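Commentary on secondary and tertiary structure
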Amino acid sequence: MNQPAIQVSKTYLPPREDYHALLESVWDSQWVTNNGPLLRELERTLATRFDSDTYVVTNGTVALQLAIRSLSLTGSAITTPFSYVATTNALLWEGVDPIFVDVDPDWYCLDPTLVEAAIRPDTTAILATHVYGYPCDHTALAAIAERHGLALIYDAAHAFDVKVDGRSIVTWGSASTLSFHATKVFHTIEGGAVVAGDAELLARVDLMRSFGHTGREYLGLGINGKTSELHCGIGLLNLRQLAANRVARRDLSELYRDLLRDLPLRCLDPADFPGLEYNYAYFPIFCATNSLRESLVERLNAHNIFPRRYFEPSLNELDFLPTELRVACPVSEHASRTALCLPLYPDLDPVDVHRITSIIRETVVQWA
Ligand SMILES: Cc1ncc(COP(=O)(O)O)c(C=O)c1O
């Protein structure tokens, strides 16, 4: 008989009774959106958690757009080709050209040694992603941004609760953006946030997420970037489970690592990153070739197991980009053809990790 499907991720949902109890307060107050009490509580809690002011918005893509707008970016931005398409799309949507610079072969984040040569006279920013939650080389990127007077935005969609030397990495740069999508380690079903240390920048984000409108005043261009009380309620309840979920993800990741250790596959290991407190958001493996990756996908799919080719394509190869922006990024292109994220979620049964790794082992051994 076929086993139940195992997807790459599974949304954690809080106990129904807890959500029902919380809904009572929303029904009683009839305050369902527009800066409600649950939004404010979530923002306060996150600000304390990150030690930096945090504005919650509709999703991680709108968070990126608001960060780009509030920093008045124009012209072009140096960015990573190894990320989710939202990173590139947010720039294009805001009329800023993405200048793709390749990633480093160790952690797959924007390679600082290649950035300066790519800066154009119209470049106003660097937009980098902490891929899989592994931190960019902030010291190097911040120095380059400073030298060239560029804004530095981090797409920290994967980096909730990632710390370096005890401090949340969403405090880095001019601004960081988060996604609270249902697939993320912390989620509000749909949601996102802008985190920044600059109060004036955040005031602009606040105004822009609310149509540029406050009271009877219409102060400038804005968008609807608000989020509802129902979404914030899910977020507040999910926060209660985060520590336990992280431990479960960590244990499953370590089990994967142990079971795959002797195979010719590359696994990223948080222990190799000095000072890192990782969130175990993903368990990516990197195959030697694209054909091995495709065989693994095929064999796992045949067993009703659905890992994800994350990220594919390399964003510099997107078909809809103007040709002049489609520069070669060999490290990212190779990674996009060989990376595979294995199923990882807190209640994934360790027995299934054994099953998944046995299928991987058989395939790799046949391949050799
Ligand atoms: C790296 C990255 N950036 C941005 C986004 C967009 O976030 P959202 O889906 O909340 O709009 C995502 C995820 O979905 C992501 O993985």
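Residues numbered from 1 in each chain as written. Predicted model: local features only at pLDDT ≥ 70, side-chain atom pairs only at ≥ 80, totals over all residues. Heavy atoms only, no water.

With respect to the sheet that holds strand E7 (residues 163-164)
Strand order in this open sheet of three strands is E8-E7-E14, and the pairing throughout is antiparallel. The open sheet is flanked by strand E8 (167-168) and strand E14 (276-277), the only strands paired with a single partner. One ladder, built from two bridges, connects E7 with E14; its direction is antiparallel. Opposite Val164, over in E14, you have Leu276 as the bridge partner. (Pairing = 2+ DSSP bridges. Helix = DSSP H or I, 4+ residues; strand = E, 2+ residues; numbered from the N terminus.)

Comments concerning the domain arrangement of the protein chain
Domains assigned within the protein chain are domain 1 (16-102 + 109-235) and domain 2 (242-367). Placing a centre on the C-alpha atoms of domain 1 and another on those of domain 2 gives a separation of 25 Å. Every contact between the two is made by 33 residues of domain 1 and, on the other side, 35 residues of domain 2. Together domain 1 and domain 2 conceal approximately 2,900 Å² of surface at their shared face, both sides included; 67% is due to carbon and sulfur atoms. Considering only the surface of domain 1 that becomes buried against domain 2, Phe82, Tyr132 and Tyr134 emerge as the three largest contributors, covering 27% of it. At the junction of domain 1 and domain 2, the tally comes to zero salt bridges. (Domains from an automatic or database assignment. Contact = heavy atoms within 4.5 Å. Buried area = accessible area lost by both parts, 1.4 Å probe. Salt bridge = Lys/Arg side-chain N within 4 Å of Asp/Glu carboxyl O.)

Some words on the nonpolar core
Core analysis: the biggest nonpolar cluster contains 68 residues, and Phe82, Ile126, Tyr132, Phe160 and Leu178 have the highest contact counts within it. It is helix H8 (residues 229-260) that contributes the most residues to this core, six residues altogether. Per-domain counts for this core show at least three residues from each of domain 1 (16-102 + 109-235) and domain 2 (242-367). Among all residues touching Ile126, those that are not within four sequence positions of it are Ile78, Leu110, Val115, Leu141, Ile144, Ala145, Leu150, Ala151, Leu152 and Ile153. (Core = buried A, V, L, I, M, F, W, Y, C linked by side-chain atoms within 4.5 Å. Buried < 20%, exposed > 50% of the residue type's maximum accessible area, 1.4 Å probe, protein only.)

Comments concerning the side chain of Asn238
Here Asn238 lies in helix H8. Relative accessible area serves as the criterion here: at 4%, Asn238 is assigned to the buried category. With near-sequence residues (within four places) excluded, Asn238 lies in contact with Tyr12, Leu13, Pro14, Phe186 and His187.

Topic: the site of the ligand
Lining the immediate environment of the ligand, one finds 15 residues, of which Gly60, Thr61, Asp155, His158 and Ser179 sit closest. Side-chain polar atom of His158 to an oxygen atom of the ligand: 2.9 Å apart, as the coordinates give it. Computed on the free molecule, the ligand has an accessible area of 380 Å², of which 91% lies beneath the protein chains in the complex. The site holding the ligand turns out to be the largest pocket. Elements represented by at least two residues in the shell around the ligand include exactly helix H3 (60-70) and helix H4 (85-93). A breakdown of the residues in the shell around the ligand according to their chemical character gives four nonpolar, nine polar and two charged. (Near = heavy atom within 4 Å. Polar contact = N/O pair within 3.5 Å; in protein donor to acceptor, adjacent residues only side chain to side chain. Areas by Shrake-Rupley, 256 points an atom, 1.4 Å probe, with all protein chains shown as cover. 1 Å grid on protein atoms, 1.4 Å probe; cavity = no way out; pocket = protein on both sides within 12 Å on 5 of 7 lines; lining within 4 Å. Sits in = over half its atoms within 2 Å of the grid points. Nonpolar A, V, L, I, M, F, W, Y, C, P; charged D, E, K, R; others polar.)

Quick word on the layout of surface pockets
Remark: the empty space left among the atoms is shown by a probe the size of a water molecule rolled over them. A volume near 480 Å³ is recorded for the largest pocket. Tyr84, His181, Thr183, Lys184 and Tyr310 are, among the 29 residues lining the largest pocket, the residues nearest its centre. Secondary structure elements with two or more residues in the lining of the largest pocket: H3, H4 and strand E9 (175-179). Of the residues belonging to the lining of the largest pocket, the class tally is 13 nonpolar, twelve polar and four charged. When residues are assigned to domains, the lining of the largest pocket turns out to be shared by domain 1 (16-102 + 109-235) and domain 2 (242-367), each giving three or more. (Points joined across faces, edges and corners; volume = space filled by probe spheres on them.)

A closer look at the packing of aromatic side chains
For the structure shown, the criterion picks out 19 aromatic pairs. Note on Phe160 and Phe186: the rings are 4.7 Å apart at their centroids and 20° apart in plane angle, and the pair reads as stacked. In this pair, Phe160 is assigned in the loop between strand E6 (151-155) and E7 and Phe186 in the loop between E9 and strand E10 (192-195), connecting sequence segments 26 residues apart. One exposure class covers both Phe160 and Phe186, and it is buried. Geometrically, the ring pair formed by Tyr278 and Tyr280 is edge-to-face, given 5.1 Å between the ring centres and 65° between the ring planes. The pair formed by Tyr278 and Tyr280 is uniform in burial state, with each residue classed as buried. (Phe/Tyr/Trp six-rings, centres within 6.5 Å; stacked < 30°, edge-to-face > 60°.)

Remarks on the environment of Pro264
Mapped onto the fold, Pro264 is located in the loop between H8 and strand E13 (266-267). Each C-alpha atom, one on Pro264 and one on Ala288, is 7.6 Å from the other, the two residues being 24 residues apart in sequence.

Regarding the pattern of salt bridges
This structure, assessed with the given rule, holds 21 salt bridges. We note a salt bridge from Arg69 to Glu94, for which the minimum N-O separation is 2.4 Å. With Arg69 in helix H3 and Glu94 in the loop between H4 and strand E4 (97-100), this pair connects stretches of sequence that are 25 residues apart. Residue classification places Arg69 among the partly exposed residues on the basis of a relative accessible area of 37%. According to the relative accessible area criterion, Glu94 is buried, its value standing at 15%. A salt bridge links Arg261 to Asp258; its shortest N-O distance comes to 2.7 Å. Take Asp258: its relative accessible area is 47%, and that puts it in the partly exposed class.

So, the side chain of Gln65
By the element assignment, Gln65 lies in helix H3. Those residues in contact with Gln65 that sit more than four places away from it in its chain are Ala90, Trp93, Glu94 and Ile223.

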